[in-house]
Amino acid sequence: STTLFRSHVSEPLLAPPFFSLVRTNALPISLTLARQTDTLYSGAFAITEGMPVGLAYVNFSARDAVGNRGTEVESGQTLYIDTEGPVATSLFCAPASPIENNATSPVPVTVELAFDPADTPAQTPTLRYTLSSSQPAPTEVTLTSLSNATWQGTVQLSSVSGLTNEWLAFTCESIDIVGNVGTD
């Protein structure tokens, strides 16, 4: 996505100010700011997939009409860059492993999926399950929200599920409020 910056200064400048975002363990991001008015400059940069996640600090420097240098940023000194989607922090099944399925009365497995409350999906995540022998094709689990960070669903085992030992596996996909996709 493209992030726009606007810099308001208290007096006219000799030239457009220097503006960059400094990040820990990453190269700085330099922005070219264009003059909009005598005291307003703007610029933009792209937040791209794979860009390191974390806090970026504004580095600003400008000279006024008589050459005095200013570096103070009164508001908006930091920007949090987020390029990763939400990732599930836990998945619980009841009954727990080993699940003893009954061919005449197949077992329902209740699944609870949780996310970090500070990084939750913007919508219901997509949860799919497979059984290594009897259900190898991914099958979606209908989820119901228990809270903004927790969902619950049920996997109804078939009469042939678990006739031989097999694995029950899950995959999850979730999207955050800015469109980052998390998979696990």
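Within each chain, residues carry numbers counting from 1 in the order of the written sequence. Thresholds applied to this predicted model are a pLDDT of at least 70 for local features of residues and 80 or more for the giving and counting of side-chain atom pairs; totals over whole chains, interfaces and linings are not thresholded and use all residues. Based on all heavy atoms of the structure, the side-chain values leave hydrogens and waters out of the count.

K.L.:
An account of the sheet that holds strand β4 (residues 34-37) is needed here, citing residue identities and associated values.
P.N.:
The strand order across the open sheet built from three strands is β1-β5-β4, with neighbouring strands paired in antiparallel fashion. Each end of this open sheet is capped by a strand with a single partner; those strands are β1 (2-8) and β4. Averaged over all adjacent pairs, the angle separating strand axes in this sheet is 30°, with direction ignored. Pairing of β1 with strand β5 (residues 40-46) involves seven bridges; the strand directions are antiparallel. Within β5, the position partnered with L4 by the bridge is A44. In this description, strands pair whenever DSSP reports at least two bridges between them. Secondary structure counts use DSSP, requiring at least four H or I residues in a row for a helix and at least two E residues in a row for a strand, with both numbered from the N terminus. Fitting a line to C-alpha atoms yields each axis, with helices limited to the stretch in contact; the angle taken between N-to-C directions then spans 0 to 180 degrees.

K.L.:
Can you tell me about the environment of L4, naming the residues and giving the values?
P.N.:
With respect to the secondary-structure elements, L4 resides in strand β1. The buried label goes to any residue with under 20% of its type's maximum accessible area, the exposed label to any with over 50%, and the partly exposed label to all in between, with areas taken from a 1.4 Å probe on protein chains only. Look at L4 and you get exposed, because its relative accessible area is 67%. Contacts are residue-level and defined by heavy atoms, with any inter-residue pair within 4.5 Å sufficient. If sequence neighbours within four positions are ignored, L4 has contacts with G43 and A44.

K.L.:
Account for the sheet that holds strand β13 (residues 143-145), naming residues and giving values.
P.N.:
For sheets, the rule is that strands pair by backbone hydrogen bonds, running either parallel or antiparallel. The four strands lie next to each other as β9-β10-β14-β13, forming an open sheet whose pairing is antiparallel. A single partner strand is all that each edge strand has here, and the edge strands are β9 (88-94) and β13. Sheet twist, expressed as the average angle between the axes of neighbouring strands with direction ignored, equals 20°. In this structure, β9 lies alongside strand β10 (residues 108-115), joined through six bridges in antiparallel fashion. Bridge pairing links F92 to E112 in β10.

K.L.:
Explain the nonpolar core to me, using residue names and the numbers behind them.
P.N.:
Grouping buried Ala, Val, Leu, Ile, Met, Phe, Trp, Tyr and Cys residues that are joined through side-chain atoms within 4.5 Å yields what is termed a nonpolar core. Ranked by size, the top nonpolar core spans 17 residues in total, and within it F19, L21, I29, L31 and F45 carry the most contacts. Taken together, the elements giving at least two residues each to this core come down to β2 (18-23), β3 (29-32), β5 and β6 (54-63). Sorting elements by how many residues they give to this core places β6 first, with four residues. Discounting chain neighbours no more than four positions away, the residues touching L31 are F5, F19, L21, G43, A44 and F45. In this structure, V107, V109, L131 and L157 belong to the second largest nonpolar core, which totals 16 residues.

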